[in-house]
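Secondary and tertiary structure notes
Spelled out from the first residue to the last, the chains are:
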Amino acid sequence: MAKVKLFATLVEIAKRKEIEIEAKTAREVLDKLKGLYGPSFEKELEHGMIFLVNGRDIAHLQGLDTPVSEDDVITLFPPIGGG
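A brief structural summary. No experiment lies behind these values; they were computed from the predicted model shown.

What follows concerns the packing of aromatic side chains. In the structure shown here, the tally under the stated rule is two aromatic pairs. For the ring pair Phe7 and Phe77, a centre distance of 4.5 Å and an interplane angle of 15 degrees mean the geometry is stacked. Residue Phe7 is located in the loop between strand E1 (2-6) and helix H1 (9-14), and its partner Phe77 is located in strand E5 (residues 73-77); the two are separated by 70 residues in the primary sequence. Taking the relative accessible area as the measure of exposure, Phe77 reaches 25% and is therefore partly exposed. Relative to Phe41, the ring of Tyr37 lies with its centre 5.6 Å away and its plane at 40 degrees, an arrangement referred to as tilted. On the criterion of helical spacing, the pair formed by Tyr37 and Phe41 is a turn pair, its members being four residues apart in helix H2 (residues 26-46).

Now for the environment of Ile50. For Ile50, the location among the structural elements is in strand E3 (residues 50-53). By relative accessible area, Ile50 is classed as partly exposed at 38%. Residues Ile50 and Ile80, 30 residues apart in the sequence, show an inter-C-alpha distance of 9.9 Å. Those residues in contact with Ile50 that lie beyond four places of it in its chain are Asp57, Thr75, Leu76 and Phe77.

Spatial ordering of the open sheet is given by E2-E1-E5-E3-E4, a layout of five strands whose pairing is mixed. Each end of this open sheet is capped by a strand with a single partner; those strands are strand E2 (18-21) and strand E4 (56-57). As paired strands, E3 and E4 are joined by two bridges and run antiparallel to one another. Across the sheet, residue Leu52 finds its bridge partner in E4, namely Asp57. Contacts from H2 reach E1, E2, E3 and E5, with the element oriented near 130 degrees to E2.

Here the focus is the pattern of salt bridges. One pass over the full model with this rule turns up three salt bridges. For Arg27, the salt bridge goes to Asp65, with nearest N and O atoms at 3.1 Å. Residue Arg27 is found in helix H2, and its partner Asp65 is found in the loop between E4 and E5; the two are separated by 38 residues along the sequence. Residues Glu28 and Lys32 are paired through a salt bridge, measuring 3.7 Å at the closest nitrogen-oxygen approach. Here Glu28 and its partner Lys32 are both found in helix H2, four residues apart, which amounts to about one turn of the helix. Judged by its relative accessible area of 35%, Lys32 is partly exposed.

Definitions and cut-offs
- Residues numbered from 1 in each chain as written.
- Predicted model: local features only at pLDDT ≥ 70, side-chain atom pairs only at ≥ 80, totals over all residues.
- Heavy atoms only, no water.
- Phe/Tyr/Trp six-rings, centres within 6.5 Å; stacked < 30°, edge-to-face > 60°.
- Helix = DSSP H or I, 4+ residues; strand = E, 2+ residues; numbered from the N terminus.
- Buried < 20%, exposed > 50% of the residue type's maximum accessible area, 1.4 Å probe, protein only.
- Contact = heavy atoms within 4.5 Å.
- Pairing = 2+ DSSP bridges.
- Axes fitted to C-alpha atoms, helices over the stretch in contact; angles between N-to-C directions.
- Salt bridge = Lys/Arg side-chain N within 4 Å of Asp/Glu carboxyl O.

In short, the description is geometric, and any link to function would need to be established separately.
Below, the structure written as structure tokens:
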């Protein structure tokens, strides 16, 4: 299973910093997380996110179709605002 590390508000929603997910693509990881943590998790992701697979942004790979294997480390960051 791939290890998924969550940060910021995603930790608050999921009540954990890390979870293992069995998935074949980045899209499947998100779908499973939405199923586990419901509408508030999904709504948080609507604001955008940084989705890394082994430290590489999926925007520079195959997007949501980026393959995921059981040894991968996935990192999800919600957008962070400041001022």
